[in-house]
Amino acid sequence: MWPTPLLASWRRLTRLLRSPIVLLLLLFGWLLLLVPDSRMPVDVVAPQEQTSTPGSWKDNSVRSYEDFLRKVLMETWQRPSNFSVGLLSNVSRHREGEGVEATDIRDQIYFLNAVQKVWNEERFGAVSPDTVVFLIQVHTRRHYLEYLIDSFRAVRGIEGALLVFSHDYFDSEINALVQSIDFVRVLQIFYPYSTQLYTNSFPGQDRNDCPWDMKREKAMQMKCNNAEHPDLYGHYREAKYTQIKHHWWWKIHRVFDGLRVTRNSTGLVVLVEEDHYVVPDILHVLGIFELARKQHCAHCNVISLGTYMKSVNFASDSGRVEVCPWIASKHNMGMVLRRDNWEEIKSCSDNFCNFDDYNWDWSLQHISSNCLKNKLVVMMARAPRIFHIGECGVHHKEKNCLSDKVLSKVRQLIASSKDQLFPSKLSLVRTSRRAMKMPKGNGGWGDLRDHWLCLHLINATLL
């Protein structure tokens, strides 16, 4: 029987409750829920004992609840010696090949996802129902993430927004970088079924998974996992790719349906990735885009603030908007969703989760063509307010992945176009481009376990 990580959550919870450390964490998480985030007293002290181990979570350097949370985010816990014997004696309870470190990180993520702390709320006020949310998908490319954060700092009005960083890798240095943000409200969420946490079992790459390029006949002989269900092209799943679609699906559900500060919101959600770079007038442009949509393009259900155009001319295109059918390969950057969009997309979850394509954007294209009552129509900024600066990614690699060549060009373009930013009005250009004929999927999503997990993530409101 193949692993079921969502059903295993209950088993994990009962295991966690046996730990005195986690009992204390849950106790203080419960106390946090009793007090609104924006009014959390700074003198609430984390639990202390008469003796403490230097560097441990009970270190006397922890002076407030917020310091305690930061310590959870930025440090790999060094548990006190009196816990180590019991902890190591229970290693047999963990999945084979998944050591104490993965279990510790899983415990931290479980706790932080329950607390849902909004940072800097005391400075900028509580999140309101119409607050604009920038939902940023983060993996491990800290180099690019620094530039993205730096670009947000220059956005006019950013103090009124909320940045939600959605991580599929728990890293103390990345957490410290996010925690250093002091110019806007920040919330971190952590995808709880990542390959980091499930290193040798599903949803990660199980040791008994069929190799990607193994023929079906041989896979059947070997009786490896999911041997009967390769993808459209005869290949088997690769967890590092399937995780991206799972994470994308989970994070949007988490924001619209799970987080306390956003689950009843009516504001716009802007989808951003760690290797993007935003323009200083992005919030201004987003505001007039939404106004124009309501007044002149009610059938437009998606806004796209990014583009893959080879040349950009702010002088001629700063306020120009192209209206056309949404196409995955052209309009997947800087997408802006509203709650009604999400409800429609969610109603097509079967189509999204069962479509044999590991790409979230082509899966979205599939449901637009085959399920949505109102097909996706996009309002696209001809002069983008979100740029892609990554030299390396899932689909391409360069010799030097740390090159800042694209970043330098983007910065020069923005600096030279500063007089064309903050347009006072928009010009809508309706194209006659027909909706594209939907091709068959790109594969990589034939495993029935991925279908099952994707569908059940919709119900994972706790995590």
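Residues numbered from 1 in each chain as written. Predicted model: local features only at pLDDT ≥ 70, side-chain atom pairs only at ≥ 80, totals over all residues. Heavy atoms only, no water.

1. Brief notes about the overall build of the protein chain
So, step 1. Each helix and strand counted, the protein chain has 18 helices and eleven strands in total.
So, step 2. Counting every position in the protein chain, which comprises 463 residues, the buried fraction comes to 55%.
So, step 3. A separation threshold of at least 6 residues defines the contact pool for the protein chain, and within that pool the share at least 24 residues apart is 79%.
So, step 4. By element, 52% of the accessible surface of the protein chain is carried by carbon and sulfur atoms, the whole surface being about 20,700 Å². (Helix = DSSP H or I, 4+ residues; strand = E, 2+ residues; numbered from the N terminus. Buried < 20%, exposed > 50% of the residue type's maximum accessible area, 1.4 Å probe, protein only. Contact = heavy atoms within 4.5 Å. Areas by Shrake-Rupley, 256 points an atom, 1.4 Å probe, with all protein chains shown as cover.)

2. Describing the sheet that holds strand E9 (residues 377-381)
So, step 1. Reading across the sheet, the nine strands line up as E3-E2-E1-E4-E8-E6-E9-E7-E11 and stay open at both edges, with mixed pairing between neighbours. Either end of the sheet is taken by a strand with one partner, and the two such strands are strand E3 (185-190) and strand E11 (427-430). Recorded for the sheet is a direction-independent mean angle of 25 degrees between the axes of neighbouring strands.
So, step 2. One ladder, built from two bridges, connects strand E4 (residues 269-273) with strand E8 (residues 335-337); its direction is antiparallel. What sits directly across from Val270, in E8, is Val336.
So, step 3. Against the sheet, helix H10 (residues 239-258) makes contact with strand E1 (133-138), strand E2 (162-167), E3, E4 and E8, and its axis sits at roughly 155 degrees relative to E1, the strand it touches most.
So, step 4. Sheet strands touched by helix H11 (residues 282-296): E1, E4, strand E6 (302-304), strand E7 (320-325), E8, E9 and E11. Its angle to E9, the strand with the most contacts, is close to 145 degrees. (Pairing = 2+ DSSP bridges. Axes fitted to C-alpha atoms, helices over the stretch in contact; angles between N-to-C directions.)

3. Details of the side chain of Arg385
So, step 1. Within the secondary structure, Arg385 is located in the loop between E9 and strand E10 (386-388).
So, step 2. Relative accessible area serves as the criterion here: at 0%, Arg385 is assigned to the buried category.
So, step 3. Within the structure, the side chain of Arg385 is placed 2.9 Å from the side chain of Asp281, a separation counted as a polar contact.
So, step 4. Within the structure, the side chain of Arg385 is placed 2.8 Å from the backbone oxygen of Ala383, a separation counted as a polar contact.
So, step 5. In this structure Arg385 touches Tyr277, Val278, Val279, Asp281, Ile282, Val285, Leu305, Phe314, Ser318, Gln420, Leu421 and Pro423, once residues within four positions along its chain are discounted. (Polar contact = N/O pair within 3.5 Å; in protein donor to acceptor, adjacent residues only side chain to side chain.)

4. Describing the layout of surface pockets
So, step 1. The space that makes up the second largest pocket amounts to roughly 450 Å³.
So, step 2. As for the second largest pocket, its lining consists of 18 residues, of which Met309, Phe387, His388, Val406 and Val410 are closest to the centre.
So, step 3. Counting only elements with at least two residues in the lining of the second largest pocket, the list comes to E10 and helix H17 (405-416).
So, step 4. Of the residues forming the lining of the second largest pocket, the biggest block, four residues, is contributed by H17.
So, step 5. For the lining of the second largest pocket, a count of residues per class yields eleven nonpolar, four polar and three charged. (1 Å grid on protein atoms, 1.4 Å probe; cavity = no way out; pocket = protein on both sides within 12 Å on 5 of 7 lines; lining within 4 Å. Points joined across faces, edges and corners; volume = space filled by probe spheres on them. Nonpolar A, V, L, I, M, F, W, Y, C, P; charged D, E, K, R; others polar.)

5. A word on the pattern of salt bridges
So, step 1. Under the definition given, this model contains 17 salt bridges.
So, step 2. Between Asp209 and Arg237 there is a salt bridge, and its shortest N-O distance comes to 3.8 Å. One end of the pair, Asp209, is in the loop between E3 and helix H9 (216-222); the other, Arg237, is in the loop between H9 and H10, with 28 residues separating them in the sequence.
So, step 3. With a relative accessible area of 10%, Asp209 lands in the buried category.
So, step 4. For Arg237, a relative accessible area of 4% gives the class buried.
So, step 5. Note that Arg449 is salt-bridged to Asp209, the shortest N-O span being 2.9 Å. With Arg449 in helix H18 (residues 448-457) and Asp209 in the loop between E3 and H9, the pair connects residues that are 240 residues apart, well separated along the chain. Pair check on accessibility: Arg449 and Asp209 agree, each one buried. (Salt bridge = Lys/Arg side-chain N within 4 Å of Asp/Glu carboxyl O.)

6. Concerning the packing of aromatic side chains
Working definition: an aromatic ring pair is given by the centre-to-centre distance plus the angle between the planes.
So, step 1. Per the counting criterion, the structure on display carries eleven aromatic pairs.
So, step 2. Ring plane angle 35 degrees and centroid distance 6.3 Å describe the contact between Tyr193 and Tyr198, whose orientation is recorded as tilted. Note on accessibility: Tyr193 and Tyr198 belong to one class, buried.
So, step 3. Every member of this aromatic cluster is reached through a ring pair, and the members are Trp248, Trp249, Phe256, Trp342, Phe352 and Trp360.
So, step 4. The ring of Tyr198 carries the charged tip of Arg106 above its face, separated from the ring centre by 4.7 Å.
So, step 5. Here Lys245 stacks its cationic end above the ring of Trp445, 4.1 Å away from the centre of that ring. (Phe/Tyr/Trp six-rings, centres within 6.5 Å; stacked < 30°, edge-to-face > 60°. Lys NZ or Arg CZ within 6 Å of the ring centre and 35° of its normal.)

7. Looking at unusual backbone geometry
So, step 1. In this chain, Phe202 is followed by Pro203 through a cis amide linkage whose omega measures 10 degrees.
So, step 2. The topology assignment puts Pro203 in the loop between E3 and H9.
So, step 3. At Asn226, a residue that is not glycine, the phi angle is positive and equals roughly 60 degrees.
So, step 4. With respect to the helices and strands, the residue Asn226 is situated in the loop between H9 and H10.
So, step 5. Take Asn226: its relative accessible area is 17%, and that puts it in the buried class.

8. Concerning the state of the cysteines
So, step 1. For the coordinates displayed, the defined rule picks out four disulfides.
So, step 2. A sulfur-sulfur separation of 2.0 Å characterises the disulfide bridge that pairs Cys210 with Cys224. Taking the sign of the torsion about the S-S bond as the criterion, the disulfide between Cys210 and Cys224, at about 100 degrees, is right-handed. With Cys210 in the loop between E3 and H9 and Cys224 in the loop between H9 and H10, the pair connects residues that are 14 residues apart, well separated along the chain. With respect to class, Cys210 is no different from Cys224; both count as buried. (Disulfide = S-S within 2.5 Å.)

9. Some details on empty space enclosed by the protein
So, step 1. In the structure shown here, the tally under the stated rule is six cavities of 30 Å³ or more.
So, step 2. For the largest cavity, the calculated volume is near 90 Å³.
So, step 3. In this structure, the largest cavity is lined by Leu69, Leu73, Leu112, Val115, Gln116, Lys117, Trp119, Gln188 and Phe190.
So, step 4. Looking at the lining of the largest cavity, the elements that each hand over two or more residues are helix H3 (65-74), helix H5 (100-115) and E3.

10. Details of H18
So, step 1. Most of H18 sits out of view: seven of its ten residues are buried.
So, step 2. Regarding H18, the residues found buried are Arg449, Asp450, His451, Trp452, Leu453, Cys454 and Leu457.

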